Amino acid sequence: MAVTLSEAAARHVTRYLARRGKGVGVRLGVKTTGCSGLAYKLEYADDITPDDVIFEDHGVKVLIDPKSLPYLDGTELDFVREGLNEGFKFHNPREKDRCGCGESFRV
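By the naming in an unreviewed UniProt entry, the protein chain is Iron-binding protein IscA, taken from Ideonella azotifigens. For the protein chain, the Cofactor (unreviewed entry) comment in UniProt is given as "Fe cation". Taken verbatim from the UniProt record of the protein chain, the Sequence similarities (unreviewed entry) comment is "Belongs to the HesB/IscA family."

This is the structure in structure tokens:
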């Protein structure tokens with residue numbers, strides 16, 4: 001089991017945490033919502049909880065709650081720039097379908 005970060009994502013998280021002046025890494029998870037059933041959630045983590053499953057890639061800690069891990073196992077978090085837009089992108093091999101609006105997915 002593993003969740004990884006691209007070099008671009010790791011650089012972005014590291015810079016953001018340095019600007020914030022606090023934080024231990026990034027917390028990933030899924031929530032039930034949308035047309036297809038699940039949506040990704042991402043937030044910067046200020047602390048590690050006892051339940052967190054921790055991965056580290058390119059020097060950045062990735063924290064995941066145990067309930068989300070089966071949906072995220074094998075996922076790579078990337079940071080991309082497309083034209084004037086930039087943001088995180090999930091490359092999840094377990095994702096089978098995505099809704100038309102791009103907000104939710106199904107495994």
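A. Representation of the overall build of the protein chain. In terms of helices and strands, the protein chain carries two helices and nine strands. Along its sequence from the N terminus, the protein chain presents helices and strands in the succession β-α-β-β-β-β-α-β-β-β-β. Among the 107 residues that make up the protein chain, the fraction classed as buried is 38%. Counting contacts in the protein chain only where the partners sit at least 6 residues apart, residues at least 24 apart contribute 52% of the total. Carbon and sulfur atoms provide 48% of the accessible area of the protein chain, an area that totals close to 6400 Å².

B. Spatial organisation of the nonpolar core. The biggest cluster of nonpolar side chains holds 21 residues, and the ones touching the most others in it are V3, L5, L28, F55, V62, I64 and L72. Secondary structure elements with two or more residues in this core: α1 (7-20), β2 (25-33), β3 (37-45), β5 (60-64), α2 (69-72) and β6 (76-82). Of the residues forming this core, the biggest block, four residues, is contributed by α1. Residues contacting L72, with those up to four places away along its chain left out, are A2, V3, L28, G29, V30, Y40, I64 and N92.

C. Spatial organisation of the side chain of T75. With respect to the helices and strands, T75 occurs in the loop between α2 and β6. The buried category is assigned to T75, whose relative accessible area is 1%. A distance of 2.7 Å separates a polar atom in the side chain of T75 from the backbone oxygen of L72. Here the side chain of T75 touches N92 through a polar contact of 3.4 Å, side chain to side chain. When sequence neighbours within four positions are dropped, the list of residues in contact with T75 reads A2, V3, T4, F90, H91, N92 and P93.

D. Focus on α1. Taking 1.5 Å per residue, 14 residues should reach 20 Å; α1 reaches 20 Å between its end C-alpha atoms and fits that length. Looking at the residues trailing α1, positive phi occurs at G21, about 85°.

How each quantity is defined
- Residues numbered from 1 in each chain as written.
- Predicted model: local features only at pLDDT ≥ 70, side-chain atom pairs only at ≥ 80, totals over all residues.
- Heavy atoms only, no water.
- UniProt positions renumbered as here; feature names shortened; annotations may be inferred.
- Helix = DSSP H or I, 4+ residues; strand = E, 2+ residues; numbered from the N terminus.
- Buried < 20%, exposed > 50% of the residue type's maximum accessible area, 1.4 Å probe, protein only.
- Contact = heavy atoms within 4.5 Å.
- Areas by Shrake-Rupley, 256 points an atom, 1.4 Å probe, with all protein chains shown as cover.
- Core = buried A, V, L, I, M, F, W, Y, C linked by side-chain atoms within 4.5 Å.
- Polar contact = N/O pair within 3.5 Å; in protein donor to acceptor, adjacent residues only side chain to side chain.
- Expected span 1.5 Å × (residues − 1).

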